[in-house]
Amino acid sequence: MKCSEKENASSYFALEEGKVKMKVCLKFHLYSSYPPCGDATIFPISKHNSHNILSEDVGTPVPENSTPVIEKQAHKISSNNIEAPHDITQTETLEQSPKKMKLSDDTNRTGAKCVEGAQMDPKRDGLEYHTVSVLRTKPGRGDRTLSLSCSDKILKWNQIGMQGSLLSIILSEPVTLSSVIIGSECFNLESCKRAFFTRYPDNNKHLEIHNYTQAEFVDQRHVDKVPCPDSSLFVAGSQSFREAYVAGLRQGWSKKKLDNPKSWSSVCQRKLANSTQDIMKMLQSNKTPDSLEDETSCDNFTYGSLKQMASDYNSSKAIFKVN
């Protein structure tokens, strides 16, 4: 936005009553190499798609050629020359076991936990393992996080936009997704619809959902791979730049030197607040003198105080939380 004149951004943005409006030709699409954690991954599974079962903890597919648990147990008993119990035989399969649910009566599981105060998962066998349509926090094996699951975030974006508080001050309309593409064989359309819009009371904001699996994402999640704490930021354009981060800090800077402005990330809260105020000043300069009479000065705002200025967005967010 700050480089709109040099970048010819007028093809996508326009000024309208002191705010920036995105033109209708600009659309946003979300691609996920795996179903978003939470409600979108909870659905019934049957024998013909048994290779899509997710493990309870890490959410990874069970190999298609894996041997059912009971068959493995029977083979182990037989190989040790121990007489097998009457309910486990060497030829018994998962579908035949009276003590195990049939594969067609199981539930694809998620590691996301129900938020406190919501209806908890009963964790019973088969289709009664999970509770659907409830808010969940992101899964993980470490300390429990307060961050909502990916399914819940997409639901929120679909209802109030994904622009957040700061951009709501600048933009005239919310930024919403046009479609979501799940690039995985582990996919259920009805569960995605439920997770992204139908479970919300006012579900008139539908979303296109597509499943595309012909192109495999080489860096998708695997059991034997651990996420790297390093990351990089690349910004294109006439003022393009790159930054590298290690555990959230700019590469080459230790925690003892974080008081140096050069150690700050370009997307840290302080920098985002400064950029937002710069854009607000630019937008105010395009207003008529009459429209500036009641305008609040945009000097020396903190990140938190700027977020509180987005009254429309904060109201929509509060209504979303209630529902």
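Residues numbered from 1 in each chain as written. Predicted model: local features only at pLDDT ≥ 70, side-chain atom pairs only at ≥ 80, totals over all residues. Heavy atoms only, no water.

Some details on the overall build of the chain
Then, in step 1: When helices and strands are counted, the chain shows eight helices and twelve strands.
Then, in step 2: For the chain, buried positions account for 32% of its 323 residues.
Then, in step 3: Summarising the internal contacts of the chain: among those between residues at least 6 apart in sequence, 58% fall at separations of at least 24.
Then, in step 4: Per element, the accessible surface of the chain, about 20800 Å² overall, is 51% carbon and sulfur. (Helix = DSSP H or I, 4+ residues; strand = E, 2+ residues; numbered from the N terminus. Buried < 20%, exposed > 50% of the residue type's maximum accessible area, 1.4 Å probe, protein only. Contact = heavy atoms within 4.5 Å. Areas by Shrake-Rupley, 256 points an atom, 1.4 Å probe, with all protein chains shown as cover.)

Looking at the packing of aromatic side chains
Then, in step 1: Enumeration according to the criterion identifies one aromatic pair in this entry.
Then, in step 2: Judged by centre distance (5.6 Å) and plane angle (15°), the ring pair of tyrosine 200 and phenylalanine 320 falls under stacked. Remark: phenylalanine 320 occurs in helix H8 (residues 311–322) and tyrosine 200 occurs in the loop between helix H5 (189–198) and strand S9 (208–211); sequence separation between them is 120 residues.
Then, in step 3: When its relative accessible area of 8% is taken as the criterion, tyrosine 200 is described as buried.
Then, in step 4: The cationic tip of arginine 109 hangs over the ring face of tyrosine 129; the distance from NZ or CZ to the ring centre is 3.8 Å.
Then, in step 5: In this arrangement the basic side chain of arginine 270 is found over the ring face of tryptophan 264, its NZ or CZ atom lying 4.2 Å from the centre. (Phe/Tyr/Trp six-rings, centres within 6.5 Å; stacked < 30°, edge-to-face > 60°. Lys NZ or Arg CZ within 6 Å of the ring centre and 35° of its normal.)

Concerning the sheet that holds S9
Then, in step 1: Spatially, three strands are ordered S3-S8-S9 in an open sheet, and the strand pairing comes out parallel. Of all strands in the sheet, those bounded by a partner on one side alone are strand S3 (29–32) and S9. Across the sheet, the axes of successive neighbouring strands diverge by a mean angle of 15°, strand direction being ignored.
Then, in step 2: Of the pairings in the sheet, the one linking S3 to strand S8 (residues 179–182) comprises four bridges and is parallel in character. Looking at S8, one finds that serine 32 is bridged to isoleucine 182.
Then, in step 3: Packing against the sheet, H5 makes contact with S8 and S9, and its axis sits at approximately 145° to S9. (Pairing = 2+ DSSP bridges. Axes fitted to C-alpha atoms, helices over the stretch in contact; angles between N-to-C directions.)

A closer look at the packing of helix H3 (residues 150–160) against H8
Then, in step 1: Relative to each other, H3 and H8 sit at 130°, their axes nearing to 10 Å. What the angle tells us is that H3 and H8 run oblique. Classified by chirality, the crossing of H8 by H3 is right-handed. Contacts from Asp152, Leu155, Lys156, Gln159 and Ile160 in H3 reach Tyr313, Ser316, Lys317 and Phe320 in H8.
Then, in step 2: Residues belonging to the contact of H3 with H8 are distributed by class as follows: four nonpolar, two polar and three charged. (Parallel < 35°, antiparallel > 145°, perpendicular 65-115°, else oblique. Left-handed = near helix turned anticlockwise from the far one by under 90°. Nonpolar A, V, L, I, M, F, W, Y, C, P; charged D, E, K, R; others polar.)

Details of the side chain of arginine 136
Then, in step 1: Within the fold, arginine 136 resides in strand S7 (residues 136–137).
Then, in step 2: For arginine 136, a relative accessible area of 0% puts it in the buried group.
Then, in step 3: Within the local environment of arginine 136, its side chain forms a polar contact with the side chain of aspartate 121, the two groups lying 2.7 Å apart. (Polar contact = N/O pair within 3.5 Å; in protein donor to acceptor, adjacent residues only side chain to side chain.)

Details of the pattern of salt bridges
Then, in step 1: Applying the stated criterion across every chain yields a total of seven salt bridges.
Then, in step 2: Here lysine 21 ties to glutamate 16 by a salt bridge, and the two come within 3.6 Å at their closest N and O atoms.
Then, in step 3: A relative accessible area of 35% places glutamate 16 in the partly exposed class.
Then, in step 4: Close ionic contact of glutamate 128 with arginine 124 constitutes a salt bridge, the shortest N to O distance being 2.9 Å.
Then, in step 5: Take glutamate 128: its relative accessible area is 44%, and that puts it in the partly exposed class. (Salt bridge = Lys/Arg side-chain N within 4 Å of Asp/Glu carboxyl O.)

Quick look at the packing of H3 against H5
Then, in step 1: In contact at an axis separation of 8 Å, H3 and H5 are set at 50° when each is read in the N-to-C sense. Judged on the interaxial angle alone, H5 and H3 are oblique. Contact residues: H3 offers Ser151, Ile154, Leu155 and Asn158, while H5 offers Ala195, Phe196 and Phe197.
Then, in step 2: Split into classes, the residues belonging to the contact of H3 with H5 amount to five nonpolar, two polar and no charged.

Re the environment of glycine 117
Then, in step 1: Tracing the backbone through its elements, the reader meets glycine 117 in the loop between strand S6 (113–114) and S7.
Then, in step 2: Placed 18 residues apart in sequence, glycine 117 and leucine 135 show a C-alpha to C-alpha distance of 9.9 Å.

Considerations on H3
An α-helix turns once every 3.6 residues. As a result, residues three or four positions apart point the same way.
Then, in step 1: The complete set of buried residues in H3 reads Ser151, Asp152, Ile154, Leu155, Asn158, Gln159 and Ile160.
Then, in step 2: Packing partners of the buried residues in H3 comprise S3, S7, S8, H5 and H8.
Then, in step 3: At the C-terminal side of H3, glycine 161 shows a positive phi close to 100°.

Digging into the pairing of strand S10 (residues 230–235)
Then, in step 1: Of the pairings in the sheet, the one linking S10 to strand S11 (residues 241–246) comprises six bridges and is antiparallel in character. Counterpart to serine 231 in the pairing with S11 is tyrosine 245.
Then, in step 2: Counted along the chain from S10 to the antiparallel partner S11, the turn is five residues long, and its residue glycine 237 has a positive phi close to 120°.

From the geometry alone we can't say anything about function, so treat these as descriptive.
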